[in-house]
Amino acid sequence: MKRRIFYNGIILTMNKAEPTAEYVLTEGDKVAAVGSAAEIEKHIAEGAEPVNLQGRLMLPGFIDSHIHMLTAALNRLKLDISAMEFDTVDDMLAYVRQKKKGSQDPWISVFGFSEENIRASRMVTRKDIDRFFPDVPVTIIRVCGHMSVINTKAMEQLDRDKMECISGGAFEKDENGVYTGIATEGAQQYVLDSMPPADEEVVLALLAQEQEILLRNGITAIHDAGTDMMPPRDYVALYEKMNDRGLLKIRTNLMVRPEEKESPSSFADYLRCCKERHREDARFTIGAVKLFADGSLGGMTAAVNRSYVGAPENTGLLLKERLDTYIKPLADAGHQVAVHAIGDRSTGYVTGLYSACERREEDRLRIEHAELMDEGLIEMIRDNRILIMTQPIFIREFGNTYFSNLGEERAMHIQPIRTLLDQGITVGFGTDYPVDDPNPLLGIRTAMTREIKNSCKRLNEAEGIGFDEAVRCYTINNAYGAFEEAHMGSIEPSKYADFVVLAGIAPDSDGKFRHLDDAAVDMTVIGGETVFSR
């Protein structure tokens, strides 16, 4: 069995009983020992392969608690404009037309539109798209993933009767009752379901490419929060196929949503079969039930207690029906539940439903995102032992949107991470990639600084946390969030040998890490094997 010894670096284990080590010995895919420098030569003499860290920082491998790796793969079949900026909506559409010139795509799909990336700060409409694309269906998906805009040709592919009776979302109309092209939540899902499916082998190849991107970012495990671009059963089956072919390197925990109108008992039976099938699998497991309570703050579809700035009638969407149908029966049957809830109204509603569950502590019930919270809501979350899986990188990316859509006073209550941790609440970090950059170092830095990209503003610096705390939120806390803390999340004997090695980061004179501007992943190790090296 292969043995390796990592030494001559700064090793932070995230094990409170032994927070630092001078070496880590691996045997096969597990950590065999951690210890002091005096033992290093003995292990090398006994045949362990030496890995000299050369003063670099070694941490447990990063675990992303909320990511959409399959969605990111499927987005590669779309034109991605998420990293681009344009002066006007017309400039954006002209760019799309130029990139799609000569395309034989039966339905053009664009991902990553955001008003923040348009200097004129305007939403695109059906009429805008029609001027550039009168003859081919077009879907433009907002960067949040909870809203799309379609053109007239795309609308012609849909059933008008179905458009009028969408559950949990809507096709927006203007004051004259004319469709604007904007489709939110359930309406967007109907659009996505109506688009031509992708070839499975192509998707598997793209999924493998996405995996390599995550490995380069030091990510060794993920909680995939699902995709709205294919049915839930197909999503599970695709990952199973990838795993069966031996292509799955990252330890992958899947959140799974019920099919539309599926009964809780039928879905529970399906979950039990899936979990049993993968119970002994080191790379692939079935995790939480995924449900949605609302949309996004950027799209003004997150359910909030007070209306959005400039929209006095709008308090967002609260998708009660599926929550009421599934949460208690599934949680009481012993299934972990993870609910997307961003606004304070939705987070409060989900917290109330969780509080009525008999096994709420054993099930480690999760709220995904939970961006807007006041003191009373935080206390309810604490008292019900609810886990909060949030994305500090959103502060960096969408900070200006929080100010414009919520106002400055409410924006101060976005992601109160310092307060949550001080209240003893388990907080885990993710990126929601491809909504945002998958780089955990950006999330860690933002959790520390509360900085907003391209701005001198910071969002309530009092809610910033320290480096070690942020790393815990990206490692052991996320392992706990998937019932995996006995196997990963810290560097200690018998756990998986999953590590990340960072360059360009050093402690200050007091031993604290405060400066991450130059930090970069040099090496990623999964199961004792180097899967990325810079």
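On a predicted model such as this, the values are computed, not experimentally measured, just so you know. (Residues numbered from 1 in each chain as written. Predicted model: local features only at pLDDT ≥ 70, side-chain atom pairs only at ≥ 80, totals over all residues. Heavy atoms only, no water.)

Engineer: Would you mind going over the overall build of the chain with me for this structure?
Structural biologist: Tallying secondary structure elements over the chain gives 19 helices and 22 strands in all. Relative to its length of 534 residues, the chain is compact, with a C-alpha radius of gyration of 23 Å against a globular reference of 24 Å. Dimensions of the chain, computed from C-alpha atoms along their principal axes, come out at roughly 80 × 55 × 50 Å. When each of the 534 residues of the chain is scored for burial, the buried share is 59%. (Helix = DSSP H or I, 4+ residues; strand = E, 2+ residues; numbered from the N terminus. Rg over C-alpha atoms; globule rule 2.2 N^0.38 Å. Buried < 20%, exposed > 50% of the residue type's maximum accessible area, 1.4 Å probe, protein only.)

Engineer: Can you help me understand the packing of helix H9 (residues 232-244) against helix H10 (residues 264-277) in this one?
Structural biologist: When two helices pack together, their arrangement is captured by the angle between the axes and the distance separating the axes. Put simply, H9 and H10 touch, their axes get as near as 13 Å, and they point 5° apart. Judged on the interaxial angle alone, H10 and H9 are roughly parallel. Taking contact as the criterion, the partners of Arg233, Val236 and Glu240 in H9 are, on H10, Phe267, Tyr270, Cys274 and Arg277. Each residue belonging to the contact of H9 with H10 can be placed in one class, and the counts come to 4 nonpolar, no polar and 3 charged. (Axes fitted to C-alpha atoms, helices over the stretch in contact; angles between N-to-C directions. Parallel < 35°, antiparallel > 145°, perpendicular 65-115°, else oblique. Contact = heavy atoms within 4.5 Å. Nonpolar A, V, L, I, M, F, W, Y, C, P; charged D, E, K, R; others polar.)

Engineer: It is not clear to me how the sheet that holds strand S9 (residues 138-142) should be interpreted in this structure. Could you clarify?
Structural biologist: The mixed open sheet is built from 6 strands, whose spatial order is S7-S8-S9-S10-S12-S11. This sheet does not close on itself; its edge strands, each paired only once, are strand S7 (79-80) and strand S11 (169-173). With 2 bridges connecting them, S7 and strand S8 (residues 108-113) associate as parallel partners. What sits directly across from leucine 79, in S8, is valine 110. (Pairing = 2+ DSSP bridges.)

Engineer: I'm lost on the sheet that holds strand S19 (residues 427-429) in this one. Help?
Structural biologist: What links the strands of a sheet is backbone hydrogen bonding, and the strands pair in either a parallel or an antiparallel sense. The 8 strands lie next to each other as S6-S13-S14-S15-S16-S17-S18-S19, forming an open sheet whose pairing is parallel. If you trace the sheet from one side to the other, it starts and ends with strand S6 (62-67) and S19, each paired once. Sheet twist, expressed as the mean angle between neighbouring strand axes with direction ignored, is 25°. One ladder, built from 4 bridges, connects S6 with strand S13 (residues 219-224); its direction is parallel. Its bridge partner being in S13, isoleucine 63 is matched across the sheet by alanine 221. Its contacts with the sheet put H9 on S13, strand S14 (251-256) and strand S15 (284-292), and the angle it makes with S14 is roughly 165°.

Engineer: How should the pattern of salt bridges be read in this particular structure?
Structural biologist: Two side chains of opposite charge can pair, provided their charged atoms sit close to one another. By the definition in use, this model includes 41 salt bridges. Across the salt bridge formed by glutamate 27 and arginine 3, the nearest N and O atoms sit 3.9 Å from each other. Residue glutamate 27 is found in strand S2 (residues 20-27), and its partner arginine 3 is found in strand S1 (residues 3-12); the two are separated by 24 residues along the sequence. Since its relative accessible area comes to 35%, glutamate 27 is described here as partly exposed. (Salt bridge = Lys/Arg side-chain N within 4 Å of Asp/Glu carboxyl O.)

Engineer: What exactly am I supposed to notice about the packing of aromatic side chains here?
Structural biologist: Aromatic ring pairs are defined here through the distance separating the ring centres and the angle between the ring planes. With the rule as written, the count across this model stands at 11 aromatic pairs. Taking the centre distance of 6.4 Å and the plane angle of 25° together, the rings of tyrosine 239 and phenylalanine 284 count as stacked. On the criterion of sequence distance, the pair formed by tyrosine 239 in helix H9 and phenylalanine 284 in strand S15 is long-range, its members being 45 residues apart. Among the residues examined, tyrosine 239 registers a relative accessible area of 0% and is labelled buried. Geometrically, the ring pair formed by phenylalanine 394 and phenylalanine 398 is edge-to-face, given 5.3 Å between the ring centres and 70° between the ring planes. Pair noted here: phenylalanine 394 and phenylalanine 398 are both in helix H14 (residues 393-406), with a separation of 4 residues, about one helical turn. Ring pairing ties together the aromatic residues Phe62, Phe429 and Tyr474, which thus form one cluster. (Phe/Tyr/Trp six-rings, centres within 6.5 Å; stacked < 30°, edge-to-face > 60°.)

Engineer: Just checking my understanding: could you explain the nonpolar core for this structure?
Structural biologist: Across soluble globular proteins, you tend to see nonpolar side chains buried next to one another. Of all hydrophobic cores here, the largest spans 102 residues; its most connected members are Phe171 and Phe467. Other than its neighbours up to four places away in sequence, phenylalanine 467 contacts Leu12, Leu57, Leu59, Ile444, Met448, Ile505, Phe513 and Leu516. In this structure, Phe86, Ile118, Phe132 and Val136 belong to the second largest nonpolar core, which totals 22 residues. (Core = buried A, V, L, I, M, F, W, Y, C linked by side-chain atoms within 4.5 Å.)

Engineer: Whenever I open this one, the packing of H10 against helix H11 (residues 320-332) confuses me. Can you help?
Structural biologist: It is the contact of H10 with H11, at a shortest axis distance of 10 Å, that shows an interaxial angle of 50°. Judged by the inter-axis angle, H10 sits oblique to H11. Both H10 and H11 take part in a crossing whose hand is right-handed. Between H10, through Pro264, Phe267 and Ala268, and H11, the contact on the second element is made entirely by Thr325, Tyr326, Pro329 and Leu330. Within the contact of H10 with H11, the residues separate by chemical class into 6 nonpolar, 1 polar and no charged. (Left-handed = near helix turned anticlockwise from the far one by under 90°.)

Engineer: I'm lost on the pairing of strand S20 (residues 499-503) in this one. Help?
Structural biologist: Burial analysis of S20 places 5 of its 5 residues in the buried class, which makes it a mostly covered element. Here strand S5 (residues 57-60) pairs with S20 via 4 bridges, running antiparallel. Each bridged residue has a counterpart across the sheet, and for leucine 57 the counterpart in S20 is leucine 502. Bridge count for S20 against strand S21 (residues 520-526) is 5 bridges, and the pairing is antiparallel. Each residue of the ladder has a partner; that of leucine 502, found in S21, is valine 521.

Engineer: Please explain the environment of valine 339 as it appears in this structure.
Structural biologist: Relative to the helices and strands, valine 339 resides in strand S16 (residues 337-341). Relative accessible area serves as the criterion here: at 0%, valine 339 is assigned to the buried category. Separated by 117 residues in the primary sequence, valine 339 and isoleucine 222 place their C-alpha atoms 17 Å from one another. Setting aside chain neighbours within four positions, we find valine 339 in contact with Leu291, Phe292, Ala293, Leu323, Ile327, Val350, Tyr354, Arg366, Ile367 and Glu368.

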